[in-house]
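Examining the three-dimensional arrangement
In case you want the letters, here they are:
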Amino acid sequence: MAQLLDGRIYSEEALAEVTEKVKALKKSGVTPGLAVILAGDDPASQTYVRNKGKACEKTGIYSRTIILPADVSQAELEKTIRELNDDPKIDGILVQLPLPRGLDEKRALACILPEKDADGFHVLNAGRLMLGQSGTLPCTPKGVLRMLRLAGVELDGKKAVVVGRSNIVGKPVAMMLLNENATVTICHSHTEDLKEVTKQADVLVVAVGKPGLITGDMVKPGAAVVDVGINRINGVLSGDVDFDSVEPVAGWISPVPGGVGLMTVAMLMDNVVTLATARAGKA
Ligand code: NDP
């Protein structure tokens with residue numbers, strides 16, 4: 001039976017740490033602030049933004065949500081970001097993705113000052129990760145690594161397989177595993193014989209968006225399996241990993257819900273505090 005990579009426990013621990021750091025910053029006259037821009041009315045995005053607001057409240061971080069209509073122009077969106085770049089109350093800016101059709105995500109993200117890039121999606125922070133330099137790390141990959149570390153999963157010298165190669169999850173998580181000295185393979189929609197590859201993995205991270213993609217026969221006995229996927233079927237959440245067949249084979253497994261999603265929000269709070277600390281140091 002696998003050990004549960006319990007996002008509830010690990011995220012509570014991370015949020016408690018953040019709360020302490022926020023208290024210390026406030027004592028020195030600095031209140032960390034996060035601004036979230038939500039364009040359009042996608043229900044999943046609304047839920048994520050609400051959860052981020054609640055986490056700010058819990059940790060004492062000042063938060064502001066800016067809601068823009070789905071037909072907002074690129075110029076208006078970028079103007080909003082620039083105003084937040086100049087706002088001394090705001091340490092971190094997050095543009096909730098995906099943006100409505102017609103808006104240019106790359107250009108919008110490039111407008112965020114790298115030192116206010118709460119999500120770590122700015123090209124400069126992505127480059128820093130690639131080069132092994134310190135910078136803001138993207139929240140979901142950071143949460144995955146934090147979970148593995150807290151559970152005591154060994155990475156050095158181990159075979160890690162990442163399924164999915166998006167810029168926000170797959171690629172950065174692969175790079176972070178590489179930085180931990182794992183031997184990393186990245187799979188994607190063109191991968192031939194996925195099972196052959198996943199079966200080799202001591203650590204398997206799945207970020208695809210296909211419910212039940214990974215089944216027990218695709219997992220090495222004792223492996224650590226991290227399910228990043230969030231799929232909604234008739235309003236019910238599930239991951240990319242078929243929990244029932246994988247759990248008896250794996251050594252560790254993260255559930256959905258109650259896994260990586262909670263870590264993502266906690267790591268966002270952690271990023272905001274780190275950005276605020278850096279800015280306070282500069283002031
Ligand atoms: P993307 O759609 O951007 O990327 C999906 C990746 O999966 C692509 O690289 C794609 O390959 C690959 N893929 C698709 N089909 C297969 C297949 N059959 N076999 C192997 N690889 C395949 O998704 P994201 O990375 O943004 O998100 C992935 C999942 O994680 C989603 O369910 C999303 O909701 C969830 N998510 C969860 C978060 C959390 O906090 N828990 C945060 C962010 C995302 P190719 O590149 O060839 O197209």
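The model shown is predicted, which means the values in this text are computed figures rather than measured ones. (Residues numbered from 1 in each chain as written. Predicted model: local features only at pLDDT ≥ 70, side-chain atom pairs only at ≥ 80, totals over all residues. Heavy atoms only, no water.)

Moving on, we come to the sheet that holds strand E2 (residues 33-39). Each strand in a sheet pairs with its neighbour through backbone hydrogen bonds, running either in the same direction (parallel) or in the opposite one (antiparallel). Strand order in this open sheet of three strands is E3-E2-E4, and the pairing throughout is parallel. Either end of the sheet is taken by a strand with one partner, and the two such strands are strand E3 (62-68) and strand E4 (92-95). On average, each strand axis in the sheet is inclined to that of its neighbour by 15°, with strand direction left out of account. Here E2 runs beside E3; their pairing, made up of seven bridges, is parallel. Across the sheet, the residue bridging to Ala39 is Leu68, located in E3. On the sheet, helix H2 (residues 43-59) packs against E2, E3 and E4 and is oriented at approximately 170° with respect to E2. (Pairing = 2+ DSSP bridges. Helix = DSSP H or I, 4+ residues; strand = E, 2+ residues; numbered from the N terminus. Axes fitted to C-alpha atoms, helices over the stretch in contact; angles between N-to-C directions. Contact = heavy atoms within 4.5 Å.)

Looking now at the state of the cysteines. Disulfides are covalent bonds that link the sulfur atoms of two cysteine residues. A complete count under the given rule lists zero disulfides for this structure. Between Cys56, a cysteine without a disulfide, and Cys139, which holds the nearest cysteine sulfur, the sulfur-to-sulfur distance is 11 Å. On the basis of relative accessible area, Cys56 is assigned to the buried category, the value being 1%. Taking relative accessible area as the criterion, Cys139 reaches 3% and is therefore assigned buried. (Disulfide = S-S within 2.5 Å. Buried < 20%, exposed > 50% of the residue type's maximum accessible area, 1.4 Å probe, protein only.)

Another aspect to go through is the site of the ligand. In the region of the ligand, 21 residues are neighbours, and Arg165, Ser166, Ser189, Ile230 and Thr264 sit closest. One of the backbone N or O atoms of His188 is found 3.5 Å from a nitrogen atom in the ligand. At 2.7 Å, a side-chain N or O of Thr264 approaches an oxygen atom of the ligand. Across the complex, the protein chains shield 71% of the 940 Å² of accessible surface that the ligand would expose by itself. Split into classes, the residues belonging to the shell around the ligand amount to nine nonpolar, ten polar and two charged. (Near = heavy atom within 4 Å. Polar contact = N/O pair within 3.5 Å; in protein donor to acceptor, adjacent residues only side chain to side chain. Areas by Shrake-Rupley, 256 points an atom, 1.4 Å probe, with all protein chains shown as cover. Nonpolar A, V, L, I, M, F, W, Y, C, P; charged D, E, K, R; others polar.)

Omega for the bond connecting Leu97 with Pro98 falls within 30 degrees of zero, at 0°, which places this linkage in the cis form. Positioned with a positive phi, Asp193 is a non-glycine residue whose angle comes to about 55°. If you trace the backbone, Asp193 turns up in the loop between strand E6 (183-187) and helix H8 (194-198). Here Asp193 falls in the partly exposed class, since its relative accessible area comes to 49%. Phi angles above zero are rare outside glycine, and Asn234 is one such case at about 50°. Its place among the elements puts Asn234 in the loop between strand E9 (231-233) and strand E10 (236-238). Note on Asn234: relative accessible area 77%, which makes it exposed.

This part covers the pairing of strand E7 (residues 203-206). Judged by which residues are buried, E7 turns out to be covered on both faces: Val203 and Val205 on one side and Leu204 and Val206 on the other are all buried. The pairing of strand E5 (residues 159-163) with E7 spans four bridges and is parallel. What sits directly across from Val163, in E7, is Val206. Where E7 meets strand E8 (residues 224-227), four bridges bridge the pair, whose relative direction is parallel. Pairing of Leu204 across the sheet is with Val225, part of E8.

A sheet is described by the order of its strands in space; here six strands give the open sequence E1-E11-E8-E7-E5-E6, paired in parallel fashion. The open sheet is flanked by strand E1 (3-4) and E6, the only strands paired with a single partner.

Looking now at the packing of aromatic side chains. Here the structure, examined in full by the defined rule, presents zero aromatic pairs. The lysine or arginine in question, Lys89, covers the ring of Tyr62, its NZ or CZ lying 5.5 Å from the ring centre. (Phe/Tyr/Trp six-rings, centres within 6.5 Å; stacked < 30°, edge-to-face > 60°. Lys NZ or Arg CZ within 6 Å of the ring centre and 35° of its normal.)

Relative to the helices and strands, Val219 is located in the loop between E7 and E8. Each C-alpha atom, one on Val219 and one on Glu105, is 35 Å from the other, the two residues being 114 residues apart in sequence.

Bear in mind that shape data such as this cannot, by itself, settle questions of function.
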